[in-house]
Every structure is written in C-alpha cells, then in structure tokens.
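Chain by chain, the residues run as shown.
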Amino acid sequence: MTRAERVSRNLNRALHALFAADERAWLLGEDVADPYGGAFKVTQGLSTAYPDRVLSTPLSENGITGVAGGLALCGDTVIVEIMFGDFAGLAFDPILNLITKSVTMYGERIPMRVVIRCPVGGGRGYGATHSQSPQKHFIGIPHLALYELSPLHDAADVLAAALRRDEPAMLFEDKVLYGRRRYVDGRVDDRLAFELRGDDGNWARVHDPDATGAPTLVIAPGGVADRAIGAATRAAERGRTVEVLVPARLYPVDVDGLRGLLGGAHGVIVAEESTAGGTWGSEVAARLHAEAWPLLRGPVELVSSADRVIPSAPHLERTMLLGAEAILDRIMRLPAAVPAPRTDHSPAGPPPSAAPTSASPSGVPVDVPRLNPNDDSYVLLEWLVADGATVEAGEPIAAVETSKAIEELAATQAGVLCQEVTAGADCAPGAPIGRIRPASAVPVPPPNGTDAVRPDPAPVRSGPGSPSAAYPEPAAAVGTRTVPPGRPLPPAQRRIADVVATSHREIPVAFTAVRVDVTAALAYARRAADETGAAVGLTEVVIAAVAALHERFPGLYARLTDDGRILDAQAPSIGLTVDVGTGLFLPVIRDAARLDLGDLADAVVALRMKALRGRLREEDMAGMNVLVALNDTPGVTVARPIIPPGVTCALSLPDVHREVVLDGDRGVRERTVADLGLAYDHRLVNGAQAGAYLAALGDALQR
C-alpha cells in the first residue's frame, strides 16, 4: 500500500503546485510567512519560494478579505488564510457584500478566483472562540461555494474544483485532521474500502465490500468522517450495515452524486460538528426531500454537537462536541433493517438442543468470556442496561474491567435482561452474571408497584431523637446485605493495586538513574514535528531510542517464564503509561522499531485518545516487553517506576528541568536535562548492564 502523507502536508503540496502553475496566485494571511508558516504549518515554504506573492498581513480579517476581493477583481487568484475559522465572522461583510456580489454585480460576469481557508472544529482544547464550526453561517450566499477538507480527498483536486468555478469559495479544514494521514489506494483499513463518486469525485463512499443487507447511510464531512467511520465499525459489530459518505463540496449540495445509493438505503443520517439549527445537515435534508423523496425510506436524521459554548477543559469539551458515540447511538436507534428471505435450505442456526433459546423460559445466560489470560477474575464495572429492560441482539449490556482494559459484553439475542450479579462485584471468566429471557417468560409485576413476594424492610431510625443519632453507624443495612463503612476503592484503582502488589511480591527490583542532556533531543523533536506535521515531543524521541536499542540489549526486553527460562523478544513492543483521571492504563506500541517519529506520534495520540474515551481494549495492551513510564508532572525530577509482571525493565521519563554547567572553556552554559530512571528485574539484568543501557540511551538522545 502507498505510504499516505498527512493531511496538512497534502494541502501544503497542493498550494505549492498551485503557485508553481499560476503566476498570478497570491496568499494572504496572518503569520503565513516562513519560518512560522501559519498557525498549523500549512503554508511552510511558500514565502521562501514565492516571496513577492505570499504576504503576512496585519491582524484584520476584514481587511485581508477586502484586499483579496480587489486582487480578484483585477484577475488574480487569491488564497486567504483565516488563522481560526471562528474569525471568519469578522470577514463576513466583504464576503457577503463585495467578493460574492462582484461576480455579477457589474453587468457582466467577472471571475472571482478567491478561496478563503478556515481551520475549524474542536477537539484541541482551544476554547470557545477558537473551536467552532461556522460553516452553516455561510450557506445560501449567491456565488459562494463551500468545501471541506477530508482524509479521503486530495487537496489539490479540491482546490482545482473550487477555482474552476471562477467564483469565490470557502475551504473549511478541521484542525484534528492536520496531523492525520490520508486514506489512499481505495482502502480505509483491512475491512473498509472507499471510492470517489459524483462530479469531480465529490463524494467519497466508505463501505464494506463484503457486507450484505440494506445499509444505513451516514453523511459526514471533514473531521467528522473518522468519527462516523468509527461508529460504522462498531455498528457492524452489532449486526448493522453502515456506509459513510464524505463530501468535498458542502454547498451547493450534490444530490446527483447520491442518487445511486439512496434507493437501496435503509436510512440516512447527517452528522456534523456544528450546533443544531439552520445547519448544513438541514440543507442536505431539505434538498434530499425535495429532489429524491421517492428514493427515501424515511426522514433524514440529523445529529449535531450540543447547543452550548465550547469549553476549554477537555473533559467538558468532549461532553458537548459530536463524537462517535452520538453517531452510533443515532444509527442504533433506527429500526433494524428487515433481512432478505432465505433462499437456501441450510439450517439458520444451531439445533434447539445446542443451547437455550428465546423459547426457553430460563433464557440464555450472559457469561463472562475469557478476556485476559493473566486474570482469574474481573470486575463487573457497570450494567449498561437496567434490570428488566428489553434488549436487542448485539446491544451492549454490561462493562467488565480486566487488569488492562474495559470490555463491553453484548447481548447474544433479544429478550429481557435479568441481572444476577451486582455492579462492582468480582466475576470469574465463564461465570454467568445474568440471563436474557424471552419477554413471554417474564411475569408482569403486580399493579400499583406492590411486591407480593417480599415486603420492604422496616425503616431504620436515624433522626435527631434516635439513640444512635450522635454516633455514626458502623455499617448500613440495605435489604438483607450489610454495607461496610467507607467508600469502595474504584475498580480501576483496584486493578492497579493488584498489579503493584504482584510486582512488589514477585519481582526483585533494582533501580538506577542517570542525568541526560536532552537539549538536542528536544530540538530534534521540534524539527520532526515541523517536517511531519505530527505531535512529536520528547516522549516520542525517547520511545524511538528505546526501540532502537533492542538489538544491542536483548536481555532487557526478554521475560522470565515460570520454569526459569528466558524468552527473548523478537521485536520491541513498548508499553506507555496513560493516566486520564479514570485509572492508569498501559497501552502498547507494537514493533516500535519499524515506525518513524511521525508514526510513533500518531500511535501515542491514538492510544491516549482511546484511553480518554474509554475505548482501550485488551488487544491494545497485549504483548508489552518494555515499559516507558511517563512521570512528567511538573517538578518531578526522579521517579522509580513499577515493573509490570511479565516485563523485565521499566524506564521512567520525568519532567525536564534546566541547569547551568561549566563548558569546556571554563565558561558556563545552560542545558535542559532529564533524570532517566531504569527499574529492572535483578534476576535477568545486573547493574553493569543497566548502566550500559542508560549510557547508550543517553548517547542516542544527545546526538
């Protein structure tokens, strides 16, 4: 497969190609000149190559756009960069009353080749005035086309299509896309393919070539596309067929490019990050209802972000911005498509004697599968469906936490859920925690909510006049169960405690620390970030160095078996500590030596986002043979990490700090240092090996 470039580099290449081909092309914007190259590095290199036509401007979106209108009236091509799309509101007047009207206002048609680029969207913690998606405010302006960058379209093709109209256009660019790689060669992943359809390849259709049945169509632009693809993947696990349609041009809406898909669709959902009301999704729905009503099986569904101001705090931002969960919820709320009649005579499933079925009054047990070979029990973290509620086959009903991850258990068939184990309890692999019974087998409760089987317990006196009012109760009676005093240790922390206790009990740990000058490593990380567009920092540089030392120090990546044998690792798979406030997780970057710094940064970000969203799975945390523990809380200079069972070494990366040292000429200089600590299993590694390893790691970071 072709190695895909990042979306920001793809756009940068498209701009370079445009300027090389068009001698009358201009770029105007704030801080677009080198070495800054724009707030998101999209314009890097342009001012160096075309110094007379790439101009950094004063901070006035109104003025920038007005100048662009004047240049276009003279026949030039102008690319305007609005630093943040939120500020496009300051340019609304010249867009509405000069640039767009000039196409026909003077009695003859005048080409107005202006593209206004707007980085948009949240997910970066930039707050209320730097995170909005204002696309809807520009819909319906005559002669103004709206485009949006996506990971499925080549930016050069999108720019060419916009300029070919000889009318003004706005290009919205979701900021979360800049560091991500594009999808190429017609593949999204091993299961999903994509193809371009419609005028100018406007629509990208993401689908599973092997899927059957009427699909639900999810129309999602730009940065929402990946969220929609994630929701489609999870919906497929629940038996739904979903296709994602990603447009390059938002407005005017290209209905013709959808006609061949609408007729066979089970339903249509439009997902966008803007708040509801007067949205692009509303425009899509109106156009489809007007021009393709006979092809629709039901109303077009809309899903947007919450109708609130976008906060800066990441956990609050996530609660209001549209995410994959909201898209998945809307998909699953659509009635399931009716399957086509069977045309063969093969059995539809196992014989009745193979397992209990919905016809059996006892129901089908909800068993806990074997999720992690290292755990003898898990924690039933929570029930996702209420006791006695009706569930569908494939619907998540419970969350179980292992020592590594949180896994969802899905219903194996439709029916009524009967819980048998309370949330917070331990549960063994293979043990049932509940049953799914057929609705006909569940008795209807007596009227008025009475309980004919067991009366409520007598109330406990605890008022001011009771004998016990002056003293706390040692334990509270709840039904027939006694609840001990105090609050329980959260399940995630219980698992951490188990790992720590096992480590201290079974592993004879030694520890060595060394001070390393990381000034060069930090500079290298900055250069790599500029070159790759990825979020490269010291963490990624250290991970790369640890991966590269595997061949020289194989013993530090080996593990000791129960019978005392040493198993060498074939490739470095590096665990990383991730703490997002809900527990400590150890996701793994497999075969890390094969990844360049940009790919490592992508992997780290992806794992952190999974942890943040509670989507880490067992496979994300399997196969670790060395741990990099991030102890980079400001002010932490030395940290001794815990060695997880099955691992020989754990490297701690604390906070960096500055120090003044003597240089070779007896002068002084300042440098940035980090005290790297190595905890190691003394059964496999001795002090000399640990010291040599840290010295080699220090040398790698100081080059």
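The structure reproduced in this document is the subject of the present report. Please read all numbers here as calculations on a predicted model, not as lab measurements. (Residues numbered from 1 in each chain as written. Predicted model: local features only at pLDDT ≥ 70, side-chain atom pairs only at ≥ 80, totals over all residues. Heavy atoms only, no water.)

Taken as a whole and assessed by the stated rule, the structure comprises three cavities of 30 Å³ or more. In this structure, the largest cavity occupies an estimated 110 Å³ of space. Around the largest cavity, the lining comprises 13 residues; the ones closest to its centre are Gln 135, Glu 148, Pro 221, Glu 272 and Glu 273. Counting residues per element, the lining of the largest cavity draws most heavily on strand S12 (residues 267-275), at three residues. Among the residues making up the lining of the largest cavity, the classes are represented as five nonpolar, three polar and five charged. (1 Å grid on protein atoms, 1.4 Å probe; cavity = no way out; pocket = protein on both sides within 12 Å on 5 of 7 lines; lining within 4 Å. Points joined across faces, edges and corners; volume = space filled by probe spheres on them. Helix = DSSP H or I, 4+ residues; strand = E, 2+ residues; numbered from the N terminus. Nonpolar A, V, L, I, M, F, W, Y, C, P; charged D, E, K, R; others polar.)

Our focus in this paragraph is the sheet that holds strand S15 (residues 378-383). Taken in spatial order, the four strands make up an open sheet running S18-S17-S15-S20, and their pairing is antiparallel. The sheet terminates laterally at strand S18 (406-410) and strand S20 (426-427), the two strands that pair on one side only. Judged from the two bridges that link them, S15 and S20 form a sheet pairing that is antiparallel. Each residue of the ladder has a partner; that of Val 379, found in S20, is Asp 426. (Pairing = 2+ DSSP bridges.)

We now examine the nonpolar core. If you look at the biggest cluster of nonpolar residues, it comprises 54 residues, and the most contacted ones within it are Val 536, Val 546, Leu 678 and Leu 701. Among all residues touching Leu 701, those that are not within four sequence positions of it are Val 516, Asp 517, Ala 520, Ala 521, Val 541, Val 542, Ala 545 and Leu 676. In terms of nonpolar packing, the next biggest core, distinct from the first, is built from 47 residues, Ile 64, Ala 88, Val 103 and Cys 118 among them. (Core = buried A, V, L, I, M, F, W, Y, C linked by side-chain atoms within 4.5 Å. Buried < 20%, exposed > 50% of the residue type's maximum accessible area, 1.4 Å probe, protein only. Contact = heavy atoms within 4.5 Å.)

Time to look at the pairing of S18. Burial of S18 is one-sided: the residues Glu 407 and Leu 409 facing one way are buried, the residues Ile 406, Glu 408 and Ala 410 facing the other way are not. In terms of strand pairing, strand S17 (residues 396-401) meets S18 through five bridges, oriented antiparallel. By the bridge assignment, Glu 401 is partnered in S18 with Ile 406.

What follows deals with the sheet that holds strand S9 (residues 216-219). Strand order in this open sheet of six strands is S7-S8-S10-S9-S12-S13, and the pairing throughout is mixed. Here the strands that pair on one side only, and so sit at the sheet edges, are strand S7 (193-197) and strand S13 (301-305). Strand-to-strand, the axes of this sheet are offset by a mean angle of 25°, without reference to chain direction. Across five bridges, the pairing between S7 and strand S8 (residues 203-207) is antiparallel. Paired with Ala 193 across the strands is His 207, a residue of S8. (Axes fitted to C-alpha atoms, helices over the stretch in contact; angles between N-to-C directions.)

Moving on, we get to the packing of helix H3 (residues 61-73) against helix H4 (residues 92-99). One way to put it is that H3 packs onto H4 with a least axis distance of 8 Å and a crossing angle of 20°. Considering the angle they form, H3 stands roughly parallel to H4. Our pair here, H3 against H4, has a crossing hand that is right-handed. Along its contact with H3, which presents Asn 62, Thr 65, Gly 66 and Gly 69, the element H4 presents Asp 93, Pro 94, Ile 95, Leu 98 and Ile 99. (Parallel < 35°, antiparallel > 145°, perpendicular 65-115°, else oblique. Left-handed = near helix turned anticlockwise from the far one by under 90°.)

All right, on to unusual backbone geometry then. At the junction of Asp 34 and Pro 35, the peptide bond is cis and its omega measures out at 5° in the coordinates. Along the polypeptide, Pro 35 turns up in the loop between strand S1 (25-29) and helix H2 (46-49). The phi torsion at His 143 lies on the positive side, around 70°, for a residue other than glycine. Inspection of the secondary structure puts His 143 in the loop between strand S4 (114-120) and strand S5 (145-148). Positive phi, normally seen in glycine, also occurs at Asp 185, with a value near 60°. Tracing the sequence through the fold places Asp 185 in the loop between strand S6 (169-174) and S7.

Following the criterion strictly, the structure yields 37 salt bridges and no others. Across the pair Glu 301 and Arg 330 runs a salt bridge, and its minimum N-O distance is 3.4 Å. Placement of the pair is Glu 301 in strand S13 and Arg 330 in helix H10 (residues 324-333), with a sequence separation of 29 residues. For Glu 301, a relative accessible area of 26% translates into the label partly exposed. The class for Arg 330 is buried, based on a relative accessible area of 16%. Put simply, Lys 610 and Asp 620 hold a salt bridge, and the shortest N to O gap is 3.1 Å. (Salt bridge = Lys/Arg side-chain N within 4 Å of Asp/Glu carboxyl O.)

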